[in-house]
Amino acid sequence: MISFRTLQIFLQVLFISTCYLSFRIHCHQQQKFNHEIPNFGDPRHHFHDPMSAEFLHAHNLIRAKYGMPPLKWNQTLAEYAYEHGSKLIGNCSMVHSIGKYGENLFYGKLHHWTPTRIVENWAQESLFFNFKAGKCATDWTQCGHFTQVVWADTVHVGCHRLKCIGLNKGYIGICNYDPPGNLLDQSPFVRKSANANAIG
C-alpha cells in the first residue's frame, strides 16, 4: 500500500514536470512566432525582406507605366528613412526631414496601408498633373508625391513603414530618393542629369 508521503512526493514531481513541459512549449511557440513575423521597424532589414521588395516593386510598376527606368533599392536611404520616421511616430506627425534626398511621407490610420497601397496613393496624384504642360495643375503640393515617384533622374530609393506609438495610432510610410526630384522648371519625365548616380 502506497503511503501518504510517497503519494505526496509523486504529485509534487508530476506538478513540476507539467510546469516545465508547459514552459518549453511556450518558448518554442514564441520562437516560431518571432521567426515567422519580420520586424519591419528594424533598419537591419535589407532588400531581401518583404517590405523592401514590395516598396521597390510598387515604385517600378508606376514608373514603367510612364516609361521611366526602374529604381534600385539603397540601404543607406532605407536607414535614413527609418531614422527620420522614428522621430515622427510619437504623434504620427507629417514633417519632412529637409535633407539632401527627395522624400515622400504618408500617414494611414489602419493596418491595410501596405507598401503597395502607400505608393499607389502617391501615384493617384497624377490626376492633378498637367501632362501637356509637364507640371502640376497649380503647384507641386498637389502632385509632388507622384512626380517624385516617376522622376526621370532619380535612380535609388529606400523606404520604411513604421507603427505610431502616440495617441494618433496608425502608420507612417516614408521613402527617400536619390538624386532627388521635384526640381523647379523641370518636367519629371525629362532626364537632365548627366550622371544621376550620386550614392551608388
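Whatever comes next refers back to the structure up there.
Treat the numbers as computed from the prediction; the structure is a model and nothing was measured.

Caption draft 1: Region of the structure containing the packing of helix α2 (residues 50–65) against helix α4 (residues 115–123). In contact at an axis separation of 8 Å, α2 and α4 are set at 30° when each is read in the N-to-C sense. Considering the angle they form, α2 stands roughly parallel to α4. Viewed along their axes, α2 and α4 form a crossing whose handedness is right-handed. Here α2 contributes Met51, Glu54, Phe55, Ala58, His59 and Ile62 to the contact with α4, which in turn contributes Pro115, Thr116, Ile118, Val119, Trp122 and Ala123. Residue classes in the contact of α2 with α4 are distributed as nine nonpolar, two polar and one charged.

Caption draft 2: Examining the pairing of strand β2 (residues 102–108) more closely. The element β2 is largely enclosed, with a buried count of six among its seven residues. Of the strand pairs in this sheet, β2 and strand β6 (residues 171–178) are connected by seven bridges, and their pairing is antiparallel. Residue pairing across strands places Gly102 opposite Tyr177, the latter belonging to β6.

Caption draft 3: The arrangement of the packing of aromatic side chains in detail. For the structure shown, the criterion picks out eleven aromatic pairs. By way of ring pairs, the aromatic residues Tyr66, Phe129, Phe131, Phe146 and Phe189 are connected into one cluster. The lysine or arginine in question, Arg161, covers the ring of Tyr171, its NZ or CZ lying 4.5 Å from the ring centre.

Caption draft 4: Representation of the state of the cysteines in the model. Applying the stated criterion across every chain yields a total of three disulfides. Between Cys92 and Cys164 runs a disulfide, and the two sulfur atoms are separated by 1.5 Å. The sign of the 95° torsion about the S-S bond sets the Cys92-Cys164 disulfide as right-handed. Residue Cys92 is found in the loop between α3 (75–88) and β2, and its partner Cys164 is found in the loop between β5 (156–163) and β6; the two are separated by 72 residues along the sequence. Of the two residues examined, Cys92 and Cys164, each falls in the buried class. Each disulfide pairs two cysteine sulfurs, and for Cys159 the partner residue is Cys175, the sulfurs being separated by 2.1 Å. In this structure, the disulfide formed by Cys159 and Cys175 twists by about 110° around the S-S bond and is classed as right-handed. Of this pair, Cys159 sits in strand β5 while Cys175 sits in strand β6; the two residues are 16 residues apart in sequence, bridging distant segments of the chain. For Cys175, a relative accessible area of 0% corresponds to the buried category.

Caption draft 5: Focus on α3. The terminal C-alpha atoms of α3, which comprises 14 residues, lie 20 Å apart, in line with the 20 Å expected from a rise of 1.5 Å per residue. Contact partners of the buried residues in α3: β1 (72–73), β2, β5 and β6. For α3, the side-chain oxygen to backbone nitrogen distance between the N-cap and Thr76 is 2.9 Å, and the N-cap itself is Asn74.

Definitions and limits used
Here, residues in each chain are numbered from 1, in the same order as that chain's written sequence. Whole-chain, interface and lining totals are the exception, using all residues; otherwise, since this is a predicted model, local features are given only for residues with pLDDT of at least 70 and side-chain atom pairs are given and counted only at 80 or more. Side-chain measures here rest on the full set of heavy atoms in the structure, leaving out hydrogens and waters. Lines fitted to C-alpha atoms define the axes, with helix axes restricted to the stretch in contact, and inter-axis angles between N-to-C directions lie between 0 and 180 degrees. Only runs of H or I of at least four residues qualify as helices and only runs of E of at least two qualify as strands under DSSP, and these elements are numbered from the N terminus. Small angles under 35 degrees read as roughly parallel and large ones over 145 as roughly antiparallel, with 65 to 115 read as roughly perpendicular and the rest as oblique. Crossing handedness follows the turn of the near helix against the far one: under a right angle anticlockwise gives a left-handed crossing, and clockwise gives a right-handed one. In this analysis, two residues are considered to be in contact whenever any of their non-hydrogen atoms come within 4.5 Å of each other. In this classification, the charged set is Asp, Glu, Lys and Arg, the nonpolar set is Ala, Val, Leu, Ile, Met, Phe, Trp, Tyr, Cys and Pro, and all remaining amino acids, among them Gly, are polar. Relative accessibility thresholds used throughout: buried, under 20% of the residue-type maximum; exposed, over 50%; partly exposed, between the two (1.4 Å probe, protein chains only). In this analysis, strands are considered paired if DSSP registers two or more bridges between them. We call Phe, Tyr and Trp rings a pair once their centres come within 6.5 Å, taking the six-membered ring for Trp, and we label the pair stacked below 30 degrees between planes, edge-to-face above 60, and tilted otherwise. Cation placement over rings: the criterion is NZ of Lys or CZ of Arg within 6 Å of the ring centroid and within 35° of the ring normal. The definition used for a disulfide is geometric: two cysteine sulfur atoms within 2.5 Å. Each helix should span, by expectation, one fewer than its residue count multiplied by 1.5 Å. For this analysis, a polar contact is any N or O atom pair within 3.5 Å, provided that within protein one partner can donate a hydrogen and the other can accept it, and provided that sequence-adjacent residues contribute only side-chain to side-chain pairs.

The quantities given are spatial measurements derived from coordinates; they are silent on function.
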